[in-house]
Amino acid sequence: MAYDVTGRLHEIFDEQQVSEKFRKREFVLEVQDGQYPEHIKFQMVQDKTSLIDPFKMGDEVKVTFNLRGRGFNKNGQMLYFTNLEAWKIEAAGGASYGGGGGGQQAAPRPAAQNQNPTLRAQPSAAPIASDDDNDLPF
(Lines give C-alpha, C1' and ligand atoms only; values in the text may rest on other atoms or scores of the structure.)
Protein backbone atom coordinates (compact mmCIF):
# COMPACT_ATOMS: atom_id res chain seq x y z
CA MET A 1 0.00 0.00 0.00
CA ALA A 2 1.30 3.46 -0.87
CA TYR A 3 1.14 6.47 1.41
CA ASP A 4 1.74 10.15 0.80
CA VAL A 5 2.68 13.04 3.03
CA THR A 6 3.20 16.75 2.42
CA GLY A 7 5.80 18.79 4.24
CA ARG A 8 8.89 20.98 4.00
CA LEU A 9 12.30 19.54 3.10
CA HIS A 10 14.34 19.91 6.28
CA GLU A 11 17.54 18.07 5.33
CA ILE A 12 18.91 16.25 2.27
CA PHE A 13 21.77 13.77 2.65
CA ASP A 14 24.35 12.63 0.10
CA GLU A 15 23.95 9.35 -1.75
CA GLN A 16 25.56 6.36 -0.02
CA GLN A 17 26.97 3.35 -1.87
CA VAL A 18 26.10 0.67 0.72
CA SER A 19 27.42 -2.28 -1.31
CA GLU A 20 28.48 -2.98 -4.86
CA LYS A 21 24.84 -3.47 -5.89
CA PHE A 22 22.96 -1.22 -3.47
CA ARG A 23 22.85 2.55 -3.03
CA LYS A 24 20.55 4.80 -1.04
CA ARG A 25 19.90 8.45 -0.27
CA GLU A 26 18.01 9.84 2.71
CA PHE A 27 16.15 13.06 3.41
CA VAL A 28 14.12 14.53 6.27
CA LEU A 29 10.68 16.04 5.84
CA GLU A 30 9.24 18.44 8.42
CA VAL A 31 5.53 17.76 8.80
CA GLN A 32 3.19 19.95 10.88
CA ASP A 33 1.21 17.67 13.17
CA GLY A 34 -0.60 19.67 15.80
CA GLN A 35 1.42 22.14 17.83
CA TYR A 36 4.85 20.60 17.19
CA PRO A 37 6.48 19.66 13.87
CA GLU A 38 7.50 16.07 13.19
CA HIS A 39 10.83 15.35 11.45
CA ILE A 40 10.42 12.18 9.38
CA LYS A 41 13.35 10.50 7.62
CA PHE A 42 12.76 8.82 4.24
CA GLN A 43 15.07 6.86 2.00
CA MET A 44 15.28 6.43 -1.75
CA VAL A 45 17.07 3.42 -3.22
CA GLN A 46 18.81 2.45 -6.46
CA ASP A 47 17.56 4.47 -9.47
CA LYS A 48 15.27 6.62 -7.27
CA THR A 49 18.17 8.34 -5.43
CA SER A 50 18.11 11.29 -7.84
CA LEU A 51 14.41 12.10 -7.32
CA ILE A 52 15.31 14.76 -4.76
CA ASP A 53 17.78 16.58 -7.07
CA PRO A 54 15.29 19.18 -8.42
CA PHE A 55 14.46 20.31 -4.86
CA LYS A 56 16.29 22.24 -2.17
CA MET A 57 15.92 22.50 1.59
CA GLY A 58 12.87 24.56 2.52
CA ASP A 59 10.81 23.45 -0.50
CA GLU A 60 7.26 22.24 0.18
CA VAL A 61 6.88 18.76 -1.37
CA LYS A 62 4.51 15.82 -1.50
CA VAL A 63 6.27 12.48 -1.01
CA THR A 64 4.70 9.17 -2.03
CA PHE A 65 6.26 6.22 -0.25
CA ASN A 66 5.93 2.59 0.78
CA LEU A 67 6.25 1.35 4.33
CA ARG A 68 8.92 -1.40 4.45
CA GLY A 69 9.94 -3.62 7.34
CA ARG A 70 12.39 -6.47 7.76
CA GLY A 71 13.67 -8.74 10.46
CA PHE A 72 17.03 -10.40 10.82
CA ASN A 73 18.71 -12.67 13.32
CA LYS A 74 21.84 -11.23 14.91
CA ASN A 75 23.67 -13.46 17.40
CA GLY A 76 20.51 -15.41 18.17
CA GLN A 77 18.38 -12.33 18.77
CA MET A 78 15.69 -11.28 16.29
CA LEU A 79 15.95 -7.58 15.34
CA TYR A 80 13.51 -5.57 13.22
CA PHE A 81 13.74 -2.32 11.32
CA THR A 82 11.32 -0.16 9.36
CA ASN A 83 11.96 2.14 6.39
CA LEU A 84 9.86 4.72 4.62
CA GLU A 85 10.89 4.17 1.01
CA ALA A 86 10.09 7.20 -1.17
CA TRP A 87 9.39 6.48 -4.84
CA LYS A 88 7.84 9.75 -6.01
CA ILE A 89 8.42 13.38 -5.02
CA GLU A 90 6.50 16.35 -6.36
CA ALA A 91 6.22 20.02 -5.54
CA ALA A 92 3.34 20.49 -3.11
CA GLY A 93 1.28 22.10 -5.84
CA GLY A 94 2.97 21.08 -9.04
CA ALA A 95 5.28 18.90 -11.10
CA SER A 96 5.95 15.25 -10.35
CA TYR A 97 9.37 13.53 -10.27
CA GLY A 98 9.55 9.74 -10.26
CA GLY A 99 7.12 6.88 -10.17
CA GLY A 100 7.55 6.28 -13.90
CA GLY A 101 5.57 9.41 -14.75
CA GLY A 102 8.26 10.80 -17.04
CA GLY A 103 8.18 14.15 -15.24
CA GLN A 104 4.47 14.63 -15.72
CA GLN A 105 2.06 15.05 -12.84
CA ALA A 106 0.21 11.86 -12.05
CA ALA A 107 -3.57 11.82 -11.76
CA PRO A 108 -4.63 12.15 -8.13
CA ARG A 109 -5.66 8.95 -6.42
CA PRO A 110 -8.35 8.81 -3.75
CA ALA A 111 -6.96 8.79 -0.21
CA ALA A 112 -8.32 7.01 2.84
CA GLN A 113 -9.43 9.00 5.88
CA ASN A 114 -6.73 9.56 8.51
CA GLN A 115 -6.45 11.63 11.68
CA ASN A 116 -3.40 13.42 10.28
CA PRO A 117 -4.48 15.29 7.12
CA THR A 118 -0.89 15.42 5.82
CA LEU A 119 -0.52 11.61 5.85
CA ARG A 120 -2.90 9.50 3.77
CA ALA A 121 -2.96 5.84 2.78
CA GLN A 122 -3.77 5.18 -0.84
CA PRO A 123 -5.56 1.92 -1.64
CA SER A 124 -3.82 -0.01 -4.39
CA ALA A 125 -6.84 -2.06 -5.40
CA ALA A 126 -10.61 -2.14 -5.12
CA PRO A 127 -12.04 -3.41 -1.82
CA ILE A 128 -12.33 -7.19 -1.59
CA ALA A 129 -15.94 -7.10 -0.42
CA SER A 130 -18.52 -4.49 0.43
CA ASP A 131 -20.01 -4.23 3.93
CA ASP A 132 -23.09 -6.09 2.70
CA ASP A 133 -21.01 -9.13 1.66
CA ASN A 134 -19.43 -9.95 5.02
CA ASP A 135 -20.72 -11.10 8.36
CA LEU A 136 -18.22 -9.23 10.54
CA PRO A 137 -19.78 -7.55 13.61
CA PHE A 138 -18.01 -4.21 12.95
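Residues numbered from 1 in each chain as written. Predicted model: local features only at pLDDT ≥ 70, side-chain atom pairs only at ≥ 80, totals over all residues. Heavy atoms only, no water.

The name an unreviewed UniProt entry assigns to the protein chain is DUF3127 domain-containing protein, from the organism Hymenobacter monticola.

As a further point, take the overall build of the protein chain. Secondary structure assignment for the protein chain yields zero helices and eight strands. Taken from the N to the C terminus, the helices and strands of the protein chain come in the order β-β-β-β-β-β-β-β. Counting only residues that meet the buried cut, the protein chain has 27% of its 138 residues in that class. Pairs at least 24 apart in sequence give 50% of the contacts found in the protein chain among residues at least 6 apart. For the protein chain, the exposed area adds up to about 9,500 Å²; of that, 49% sits on carbon and sulfur atoms. (Helix = DSSP H or I, 4+ residues; strand = E, 2+ residues; numbered from the N terminus. Buried < 20%, exposed > 50% of the residue type's maximum accessible area, 1.4 Å probe, protein only. Contact = heavy atoms within 4.5 Å. Areas by Shrake-Rupley, 256 points an atom, 1.4 Å probe, with all protein chains shown as cover.)

Attention now moves to the pattern of salt bridges. Taken as a whole, this structure holds eight salt bridges when the rule is applied. Note that R25 and D53 form a salt bridge whose closest N and O atoms lie 2.6 Å from each other. Placement of the pair is R25 in strand β3 (residues 22–33) and D53 in the loop between β4 (36–45) and β5 (60–74), with a sequence separation of 28 residues. D53 gets classed as partly exposed once you look at its relative accessible area, which sits at 48%. Of the charged contacts in the structure, one is a salt bridge between E26 and K41, with a shortest N-O distance of 3.7 Å. Of this pair, E26 sits in strand β3 while K41 sits in strand β4; the two residues are 15 residues apart in sequence, bridging distant segments of the chain. The exposure class assigned to E26 is buried, which follows from its relative accessible area of 13%. Among the charged side chains, a salt-bridge network with shared partners connects D4, K62 and E90. (Salt bridge = Lys/Arg side-chain N within 4 Å of Asp/Glu carboxyl O.)

What follows covers unusual backbone geometry. The phi dihedral of Q46 falls on the positive side, at around 55°, and the residue is not glycine. The class of Q46 is partly exposed, set by a relative accessible area of 29%. Of note, the phi angle at N75 is positive, near 55°, even though the residue is not glycine. Here N75 lies in the loop between β5 and β6 (77–91). The class of N75 is exposed, set by a relative accessible area of 78%.

It is worth spelling out the packing of aromatic side chains at this point. Enumeration according to the criterion identifies four aromatic pairs in this entry. Centroid distance F27 to F42: 5.4 Å. Interplanar angle 15°. Geometry classified as stacked. One end of the pair, F27, is in strand β3; the other, F42, is in strand β4, and 15 residues separate them in sequence. There is no split in this pair, since F27 and F42 are both buried. (Phe/Tyr/Trp six-rings, centres within 6.5 Å; stacked < 30°, edge-to-face > 60°.)

A residue-level look at the protein chain finds 67% of positions with pLDDT of 70 or above and a mean pLDDT of 77. Note that residues 100–115 has pLDDT below 50 and, in this model, 19 contacts with residues that lie over four places away or in other chains. The model gives residues 124–130 a pLDDT under 50, and that stretch makes zero contacts with residues more than four places away or in other chains. (pLDDT = per-residue confidence, 0-100.)

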